[in-house]
Amino acid sequence: MADWAIVASFQLREILQRRLVWLLVPASALPVALFAFVLRAEANDPATPEVMRVEVLQQLLTMMLIATCLLISTIASFAAIVTAGMDAESGRVQMVISRPVRRQGVFLGQFLGLGAGVAAYAALFYVAILLTFGWTRGLWPSGWWIALPVFTLAPLVQLALTLWLSARSGPVGAGLGALLLLLFTWLSSLLEFAGHMLRLPKLELSGVMLSLLLPGASLNGWVTGHVRHGIGEPGIIQLQLGSDPSGWMLLYGLLYLVGVLLAGMAAFRRRDF
Amino acid sequence: MSSIAIETHGLTKFYGRTRGCQNISLTVPAGSIFGFLGPNGAGKSTVVKLLTGLLEPTAGSGAIFGHPIGSRQANALLGFLPEHYRMPEWPKARDLLGYYGHLSGQRPDRQRLAEVLTQVGLLEAAERPVSTFSNGMRQRLALGAALLHRPRLLILDEPTAALDPLGRRFVRSLLRELRAEGVTIFLNTHLLAELEQLCDHLAVIRAGQIVATGSMAELAGRQVEVTLRAEPLDPQRLAAFGPVTALPDGRLRVVLPTSDQVPDLAAAIVQAGARLYELVPRHRSLEDLFVELVTTPGEVSAGG
């Protein structure tokens, strides 16, 4: 069995041993239940004109997916800090890398083990949101499952970034850096949105370029665009939001993930412990 | 296989501008127990981390049984117990050892796991999670993890730090058994009594540099400290024998390289026309040597 597979399997088993993880799953039911409550309340709201109803639902689903993506990305960063980052600081990793292993394999194994947990959690959350949406309102976005792997990709990028940073500095600095970058790129997406609304192409372009520093927001934009279009044709509000990220963003997201992983493996290999 | 377990040449590590260790040249014979001694902050752990590949040297080189330090071939031959280690809490002791065994390139079967658990006195606790272990049990489990793949070299950084006297005796006995099996042991410890009881060879590090190296017999066992009272006597007449110190009570202390020189010293005193009232030879302890080496400048090398 390869080094990375041994470490990945152990890391995943370790995640499943943590009580916090098992508390996280029922805790996640709370926002989903709140989402169901809002969807039902909206259905019974006579103030919403019928022609706008689909569009309002699209926006509710979009907001839920954005909030969830941000939450899971933040959790992914914390998972990287409290496991791999702290392992390096506490001396636990010394028991591993003083053995005849490839350090790159250990780093990759840590990512795959943690990533499997994060991806499973993100997928569970996504499915719960879409099922809640479908069962509550009887609307099933066509091809919603196609967006599932893309939805899990954004937190995985965040995880890889945090691991890379923790291979270069201490866990606290890595966590802060990764979360600040996450915040910055999501704010850049808002800048893009503001530029579109105000018809300022340079501001919009700046937002697009800055949000490329971390593709999480763009990937999530692709997901929300995909499920919105799966419900109905773009309406007035959607047109105001601007264009959805193209399919090239998926490629960029994947390349970004691979690039960050390679950089992390190189940093982990060179690092003094 | 090489008869030299560890060989380093000018091994140096700087953390930015801060010196971790400099110009460390060591030779550790295969099959020996090699003690590595030094005060806090002297650079012991830096050297240990360089040997195990945890640190990249700034300069110099080293080899473990002929393989470059830090290489997978070198690490396959060594077992390492770090000073500050932490182990996962949730696995059972047996499962955790199995994990470390896999990482060492082996697929340890139940029999080998039972052997190692027996060796470190934890067979009855094999099915217990590590979280229920005391500090001493964890230390022994970490030692077991270092032994699992039958290493030819064991590098132990403060292996008895968390152990009670019985635990220490247990580890000492285990190390002697391992030496009898031909395992080389590089022992980094503050406990001088342990080194005196176990080690064949010794190196002392101070401020990142080796200040003494050689066999225990050469460094500590053969030197004799003589306390004498003779009058009238100019202390300079004894300087040829070794360092002379005048004590506050009027006596003199002379450090001789070997006990063979005690009669020569007595003869020299008489020939100088002095009356010899008292002459007490005492073999120097490792503690005496250590205090002298870390408080006085210069380098002692006894070869070996």
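Here's what I pulled together on the structure shown here. (Residues numbered from 1 in each chain as written. Chains lettered and ligands numbered in written order. Predicted model: local features only at pLDDT ≥ 70, side-chain atom pairs only at ≥ 80, totals over all residues.)

### A few points about the overall build of chain B
Across its full length, chain B carries 10 helices and 16 strands. Across its three principal directions, the C-alpha atoms of chain B cover 75 × 40 × 35 Å. For chain B, the proportion of its 304 residues judged to be buried stands at 41%. Residue pairs in contact within chain B that sit at least 24 positions apart in sequence constitute 68% of those at least 6 positions apart. (Helix = DSSP H or I, 4+ residues; strand = E, 2+ residues; numbered from the N terminus. Buried ≥ 20, exposed ≤ 12 C-beta atoms within 10 Å, placed from the backbone. Contact = placed C-beta atoms within 7 Å.)

### So, the overall build of chain A
The helix and strand tally for chain A stands at 11 helices and zero strands. Scanning chain A from its N terminus toward the C terminus, one meets helices and strands in the order α-α-α-α-α-α-α-α-α-α-α. Its C-alpha atoms give chain A a radius of gyration of 20 Å, near enough to 19 Å, the size a compact globule of 273 residues would have. Projected onto its principal axes, the C-alpha positions of chain A cover 65 × 45 × 30 Å. If you take every contact in chain A between residues at least 6 apart in sequence, the share linking residues at least 24 apart comes to 82%. (Rg over C-alpha atoms; globule rule 2.2 N^0.38 Å.)

### Some details on the environment of B:His67
Residues and elements named next belong to chain B. By secondary structure assignment, the location of His-67 is in strand E6 (residues 67-68). The spacing of His-67 and Glu-7 is 60 residues in sequence and 9.8 Å in space, taken between C-alpha atoms. Setting aside anything within four residues of it in sequence, one finds His-67 in contact with Gln-73 and Ala-74.

### Considerations on the nonpolar core
Within the largest apolar cluster, 141 residues are counted, with the highest numbers of intra-cluster contacts made by A:Val118, A:Leu159, A:Ala160, B:Phe186 and B:Leu187. The dominant element in this core, judged by the number of residues it contributes, is helix H5 (residues 103-137) of chain A, at 14 residues. Every residue in contact with B:Leu187, bar those within four places of it in the chain, is listed here: B:Ile33, B:Phe34, B:Gly35, B:Phe36, B:Leu156, B:Leu195, B:Leu198 and B:Cys199. Ranked by size, the runner-up nonpolar core spans nine residues in total, among them B:Val224, B:Ala230, B:Leu238 and B:Leu265. (Core = buried A, V, L, I, M, F, W, Y, C linked by C-beta atoms within 7 Å.)

### A closer look at helix H7 (residues 171-197) of chain A
An α-helix turns once per 3.6 residues; consequently, residues spaced three or four apart project the same way. Helix length check: H7(A), at 27 residues, gives a terminal C-alpha distance of 39 Å against a target of 39 Å (1.5 Å per residue), a fit within 8%. Once H7(A) finishes, A:Arg199 follows within two positions and takes phi at roughly 55°, a positive value. (Expected span 1.5 Å × (residues − 1).)

### Side note on the packing of helix H3 (residues 93-103) of chain B against helix H4 (residues 110-119) of chain B
For any two helices packed against each other, one specifies the crossing angle of their axes together with the interaxial distance. All names here are of chain B. Look at H3 against H4: their axes get within 10 Å of each other, and the N-to-C directions meet at 110°. As judged from the angle between their axes, H3 and H4 are roughly perpendicular. Viewed along their axes, H3 and H4 form a crossing whose handedness is right-handed. Residues Ala-93, Arg-94, Leu-97 and Gly-98 of H3 form the contact with H4, whose own contacting residues are Leu-113, Val-116 and Leu-117. (Axes fitted to C-alpha atoms, helices over the stretch in contact; angles between N-to-C directions. Parallel < 35°, antiparallel > 145°, perpendicular 65-115°, else oblique. Left-handed = near helix turned anticlockwise from the far one by under 90°.)

### Here's the deal with the interface of chain A and chain B
Quoted interface sizes are often the accessible area lost when the parts come together. Contacts between the two partners involve 20 residues from chain A, matched on the other side by 23 residues from chain B. At the level of elements, helix H1 (3-17) and helix H4 (94-97) of chain A are the ones that each hand at least two residues to the side of chain A that touches chain B. In terms of residues, the side of chain A that touches chain B owes the most to one element, H1(A), which gives five residues. Split into classes, the residues belonging to the side of chain A that touches chain B amount to nine nonpolar, five polar and six charged. (Nonpolar A, V, L, I, M, F, W, Y, C, P; charged D, E, K, R; others polar.)

### Considerations on the sheet that holds strand E13 (residues 244-246) of chain B
Residues and elements named next belong to chain B. Strand order in this open sheet of four strands is E13-E14-E12-E15, and the pairing throughout is antiparallel. The sheet terminates laterally at E13 and strand E15 (275-283), the two strands that pair on one side only. Taking the axes of each pair of neighbouring strands and ignoring which way they run, one obtains an average angle of 20° across the sheet. Pairing of E13 with strand E14 (residues 252-256) involves three bridges; the strand directions are antiparallel. Looking at the pairing, Ala-246 lines up with Leu-252 of E14. Lying over the sheet, helix H9 (residues 262-271) contacts strand E12 (224-231), E14 and E15, oriented at roughly 160° with respect to E15. (Pairing = 2+ DSSP bridges.)

### Concerning the packing of helix H6 (residues 148-168) of chain A against helix H11 (residues 248-270) of chain A
Residue and element names in this part refer to chain A. Contact pair H6 / H11: the axes reach a minimum separation of 9 Å and the direction vectors enclose 25°. On the basis of their axis angle, the class for H6 and H11 is roughly parallel. H6 and H11 meet at a crossing whose hand is left-handed. Facing Val-150, Leu-153, Leu-156, Val-157, Ala-160, Leu-161, Leu-163, Trp-164, Ala-167 and Arg-168 of H6, the residues of H11 in contact are Leu-250, Gly-253, Tyr-256, Leu-257, Val-260, Leu-261, Ala-263, Gly-264, Ala-267 and Phe-268.

### With respect to the pairing of strand E10 (residues 201-206) of chain B
The side chains of a regular strand alternate, first on one face of the sheet and then on the other. Residue and element names in this part refer to chain B. In terms of burial, E10 is a largely internal element, six of the six residues being buried. A two-sided burial pattern is seen for E10, the buried positions comprising His-201, Ala-203 and Ile-205 on one face and Leu-202, Val-204 and Arg-206 on the other. The pairing of strand E4 (residues 33-37) with E10 spans four bridges and is classified as parallel. Counted as the bridge partner of Phe-34 is His-201 from E10. Alignment of E10 against strand E11 (residues 209-215), held across six bridges, turns out to be antiparallel. Bridge assignment links Leu-202 to a residue of E11, and that residue is Gly-214.

Keep in mind that these numbers describe shape and distance, not what the molecule does.
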